[in-house]
Protein chains: 2
Amino acid sequence: MALDYERDPQAIYDRSFATVEAEADLSGLPAALWPVAVRLIHASGMVEIAPDIEGSDDLVERATAALRRGAPVLCDCEMVRAGVIRRLLPAENEVLTSIAAPETPARAKEIANTRSAAAVELWRPRLDGAVVAIGNAPTALFHLLELLDEGWPRPAAILGFPVGFVGAAESKAELARHSRCVPFLTLQGRRGGSAMASAAVNALAILAARP
Amino acid sequence: MALDYERDPQAIYDRSFATVEAEADLSGLPAALWPVAVRLIHASGMVEIAPDIEGSDDLVERATAALRRGAPVLCDCEMVRAGVIRRLLPAENEVLTSIAAPETPARAKEIANTRSAAAVELWRPRLDGAVVAIGNAPTALFHLLELLDEGWPRPAAILGFPVGFVGAAESKAELARHSRCVPFLTLQGRRGGSAMASAAVNALAILAARP
C-alpha cells in the first residue's frame, strides 16, 4: 500500500524552510545570522530554539571569508564531521577531527581532562584561522577557551554547540560572555548537538559560495 | 586562566545520568524502555521529550536478542553510523548505510522518491532480523513501511527518529499506529535526529552485553 507523503526532495526542502520562516521569531538576532539560524532550526525541527541562538555580528563575514581561503573545519567528534556536506564547501576544505588520534588518551591523562579536551590540543598546528565546530563535549569548548587565554592561535570562528546536562550550558555561557575576540555562534542552554554544529558549518559553506 | 568545570569523564557521566533520572518523568513508558529513554534524553539534553517517547513493550528484548545474534545495524545516514559506538556492540555487528551507494540516485528517480527512500531498498538482502536506525529522513521511514506492506523481510526492530518539518511527525505517527508487527521505538513530533537514533542503538548495545 502506498502511503500519502511528500516524496519530491525539492518540495520537501522548500516546504521545510518555508515552515521555519513562517514560525520562527528571529527578531532578536542580527540579520546577518538569520540564514544560519534558519538552518539550525531546520536541522533540529525546533522553531522554539530561536530565542536561545546567540552569535557575533561578524560571525558570517569572518567564517565565510575563512572558508573561502581554504580554512579547515575542526570538529570535536565524528558525528559533526559526518554531518558536514563536503560538496558545499567552497575550497575543498579539510574537515578534521582528532578525537580518535592515538595520542589523545595519554594526553587526556596528562592534563587531567577528557579525551575531547585533549583532542583540542592536537588542533594547534591548524587552529590559526580555522572554523571550529563543537557539537558534543562541553570540555572541548571549555578547554579551547583556556588555550586561547594562554595565547594559542585564534580560529576564525567558533561554532559552539555542546549538548547535555553537565557543563554544556556553562561552556556556552562562557563563550558568549567572552569569546576571546573570536566570532562565535552558539545555542544557550542544554540543547545543542552534532546536527546543529554541522548545520552551522553547512549554512556558512552555502553563504561562502555565494558571489 | 583555568576555568572552573568538571573534567573527570566518569563524574560527568554519572552526574549527567543522575540529572536525567531526577528530572525526567518516564512514568508513561513501559519500564523495559526506561534505559533506552534515559539515553535518548541524555543525548539530546532535553528531559522534556520524555512524554513523546513511544515504543513497543518488547522492543528491548527483541532488539538486544538481534544484536547478540550479530544483526547488522542499518542506518539512513552517515551521522547515525558515526554516532554508533562500535565497541559497545556485542557481536562486532556491522553498521551500514547505503545513502552514498552509486545506484541510489538512479533508483530514486525510478521510484520517484528521495535518495534516502531509495537507499532503503538496498537494505533488502540484510533486512531480515536487522536493527534499523533512522535519524534523518521521513521518506526513509515511510518507504520502509511501504516495503513491509509489500512483504519485504522484517527487521527485528525499527528505531524511528526522523526530524523536521515535512513528514517527520507524520512518518513517526504512522510507525506508532501500525509498525507492521515490528517492535519499534520513536519520538513523536518534529524532534528527533541522528544523535537520538544512534543513542538508541548504543543503549540497546549496552543492554545486549549484560548477562
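Residues numbered from 1 in each chain as written. Chains lettered and ligands numbered in written order. Predicted model: local features only at pLDDT ≥ 70, side-chain atom pairs only at ≥ 80, totals over all residues. Heavy atoms only, no water.

Colleague: I'd love a proper account of the relation of the copies chain A and chain B, names of residues and values included.
Modeller: If you rotate chain A by 180° and push it 0.0 Å along the axis, it lands on chain B with an RMSD of 0.0 Å. Those values place the two copies in the arrangement expected of a two-fold rotation axis. Taking the C-alpha atom as reference, chain A places methionine 79 of chain A closest to the rotation axis, 2.6 Å from it. (Least-squares fit on C-alpha atoms with pLDDT ≥ 70 in both.)

Colleague: I'd like to hear about the pattern of salt bridges, residue by residue, with values.
Modeller: For side chains of opposite charge, pairing can occur when their charged atoms come near one another. According to the stated counting rule, one finds 22 salt bridges over all chains in the structure shown. Two residues, arginine 180 of chain B and glutamate 174 of chain B, come together in a salt bridge whose shortest N-O distance is 2.8 Å. The class for arginine 180 of chain B is buried, based on a relative accessible area of 3%. Overall, the relative accessible area of 12% leaves glutamate 174 of chain B in the buried class. Connected via shared salt-bridge partners are Asp149, Glu174, Arg177 and Arg180 of chain A. (Salt bridge = Lys/Arg side-chain N within 4 Å of Asp/Glu carboxyl O. Buried < 20%, exposed > 50% of the residue type's maximum accessible area, 1.4 Å probe, protein only.)

Colleague: Give me the interface of chain A and chain B: which residues, what numbers.
Modeller: Contacts between the two partners involve 45 residues from chain A, matched on the other side by 45 residues from chain B. Interface of chain A and chain B: buried area, both sides summed, is about 3600 Å²; carbon and sulfur atoms make up 64% of it. Contact with chain B buries area across many residues of chain A, yet Met79, Phe165 and Val166 of chain A alone supply 20% of it, more than any other trio. Where arginine 7 of chain B meets glutamate 146 of chain A, a salt bridge forms, and the shortest distance between an N and an O atom there is 2.8 Å. Here chain A is connected to chain B by 10 residue pairs in polar contact (both at pLDDT 80 or more). Those elements that provide at least two residues to the side of chain A that touches chain B are helix H1 (9-23), helix H2 (34-44), helix H4 (78-83), helix H8 (138-149) and helix H10 (194-209) of chain A. The element that contributes the greatest number of residues to the side of chain A that touches chain B is H1 of chain A, accounting for seven residues. Here the side of chain A that touches chain B is built from residues that sort into 20 nonpolar, 13 polar and 12 charged. (Contact = heavy atoms within 4.5 Å. Buried area = accessible area lost by both parts, 1.4 Å probe. Polar contact = N/O pair within 3.5 Å; in protein donor to acceptor, adjacent residues only side chain to side chain. Helix = DSSP H or I, 4+ residues; strand = E, 2+ residues; numbered from the N terminus. Nonpolar A, V, L, I, M, F, W, Y, C, P; charged D, E, K, R; others polar.)

Colleague: Tell me about the packing of H1 of chain A against H2 of chain A, residues and numbers included.
Modeller: Residue and element names in this part refer to chain A. Between H1 and H2, the shortest axis-to-axis distance is 10 Å and the interhelical angle comes to 110°. Taken together, the axis directions place H1 and H2 in an arrangement best described as roughly perpendicular. The chirality of how H1 crosses H2 is right-handed. Residues Tyr13, Ser16, Phe17, Val20 and Glu21 of H1 form the contact with H2, whose own contacting residues are Val38, Arg39, Ile41 and His42. Among the residues forming the contact of H1 with H2, the class breakdown is five nonpolar, two polar and two charged. (Axes fitted to C-alpha atoms, helices over the stretch in contact; angles between N-to-C directions. Parallel < 35°, antiparallel > 145°, perpendicular 65-115°, else oblique. Left-handed = near helix turned anticlockwise from the far one by under 90°.)

Colleague: Describe the UniProt feature "domain: Cobalamin biosynthesis precorrin-8X methylmutase CobH/CbiC" (unreviewed entry) in chain A, listing the residues and the values that go with them.
Modeller: With numbering matched to this structure, UniProt assigns "domain: Cobalamin biosynthesis precorrin-8X methylmutase CobH/CbiC" (unreviewed entry) to residues 12-205 of chain A. As annotated, residues 12-205 of chain A comprises 47% helix and 11% strand, and the C-alpha atoms at either end are separated by 21 Å. (UniProt positions renumbered as here; feature names shortened; annotations may be inferred.)

Colleague: Can you break down the pairing of strand E6 (residues 184-187) of chain A residue by residue, with the values?
Modeller: Consecutive side chains along a regular strand alternate between the two faces of the sheet. Residues and elements named next belong to chain A. Residues Phe184 and Thr186 point to one face of E6 and Leu185 and Leu187 to the other, with burial holding for every one of them. Looking at chain direction, strand E1 (residues 53-55) and E6 are connected through three bridges and run antiparallel. Along E6, the bridge assignment pairs isoleucine 53 with leucine 187. Bridging between strand E5 (residues 157-160) and E6 involves three bridges; their strand directions are parallel. Bridged to leucine 159 within E6 is leucine 185. Remark: the E5/helix H9 (residues 168-177)/E6 crossover connection has right-handed handedness. (Pairing = 2+ DSSP bridges. Right-handed = clockwise from strand over helix to strand, strands pointing away.)

Colleague: How would you sum up the packing of helix H2 (residues 34-44) of chain B against helix H9 (residues 194-209) of chain B? Please name residues and give values.
Modeller: Residues and elements named next belong to chain B. In contact at an axis separation of 8 Å, H2 and H9 are set at 140° when each is read in the N-to-C sense. Between H2 and H9, the angle is such that the two are oblique. Like other packed secondary-structure pairs, H2 and H9 cross with a definite hand, here right-handed. Between H2 and H9, the contacting residues are Pro35, Val36, Arg39, Leu40, Ala43 and Ser44 on the first element and Ala195, Met196, Ala199, Ala200, Asn202, Ala203, Leu204, Ile206 and Leu207 on the second.

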